[in-house]
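Reading the structure
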Amino acid sequence: MINIKNPDDMKTLASCLNSIIKDGYTEDFKVTEEGLQSLETEKIYKPDQVHIVNFFRFEGASDPSESAILYVIETYDGAKGSLTDAYGMYADPDIDKFVKEVENISKKHATEINH
């Protein structure tokens, strides 16, 4: 669980990353053609093996191209880490597609639980 003690820790991408690392989200992830890959273990995760715990958006003070989004991720086998992407027109389409697949699976499971 992310423990936000000081809201100032979440104002910049660097301070937010430092905060989530302190909370145990230490792995770095990237999206590949096969799925979400841990840069530490090289293990590949499919969208149904991933849960996006939280996300944070950051906007550049003077340049919209500096906008970024940080996804805080947990996997089915206990790996915890983050995935960073540009936000807006510079976003990576592969990351966007993967995140939407994860979100759709989460919505589907929530609907199944309510019935």
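To start, this report covers the structure provided alongside it. (Residues numbered from 1 in each chain as written. Predicted model: local features only at pLDDT ≥ 70, side-chain atom pairs only at ≥ 80, totals over all residues. Heavy atoms only, no water.)

**Describing the pattern of salt bridges**
For the record, the criterion: What counts as a salt bridge is simple: a side-chain nitrogen of Lys or Arg found within 4 Å of a carboxyl oxygen of Asp or Glu. Put simply, DSSP marks the helices as runs of H or I at least four residues long and the strands as runs of E at least two long, and each gets a number from the N terminus on. Only protein chains enter the accessibility calculation, which uses a 1.4 Å probe. A residue is then buried if its area is under 20% of the maximum for its type, exposed if over 50%, and partly exposed in between.
On inspection of all chains with the given rule, the structure shows two salt bridges. A salt bridge links Lys43 to Asp77, with the shortest nitrogen-to-oxygen separation between them at 2.8 Å. On the criterion of sequence distance, the pair formed by Lys43 in the loop between strand E2 (36-38) and strand E3 (44-45) and Asp77 in the loop between strand E5 (68-75) and strand E6 (80-86) is long-range, its members being 34 residues apart. According to the relative accessible area criterion, Lys43 is partly exposed, its value standing at 31%. You can call Asp77 partly exposed: its relative accessible area is 38%. Across the pair Asp96 and Lys100 runs a salt bridge whose closest N-O atoms are separated by 3.2 Å. Taken as a pair, Asp96 and Lys100 lie in helix H2 (residues 93-114) at a separation of four residues, close to a single helical turn. Lys100 sits in the partly exposed class, given a relative accessible area of 44%.

**Overview of the sheet that holds strand E1 (residues 27-31)**
Sheet strands associate in pairs through backbone hydrogen bonding, adopting either a parallel or an antiparallel arrangement. Heads up, the rule is: For two strands to be treated as a pair, DSSP must find at least two bridges joining them. Throughout, a residue-residue contact means that at least one pair of heavy atoms, one from each residue, lies within 4.5 Å. As a rule, the C-alpha atoms of each element are fitted with a line to give its axis, helices using only the stretch in contact, and angles between N-to-C directions run from 0 to 180 degrees.
Taken together, six strands build an open sheet; the order of strands is E3-E2-E1-E6-E5-E4 and the sheet is mixed. Bordering the open sheet on either side are E3 and strand E4 (50-58), each of which pairs with just one other strand. Relative to E6, E1 runs parallel, the two being bridged by two bridges. Looking at E6, one finds that Asp28 is bridged to Ser82. Across the sheet, helix H1 (residues 13-22) is in contact with E4, E5 and E6; its angle to E5 comes to roughly 10°.

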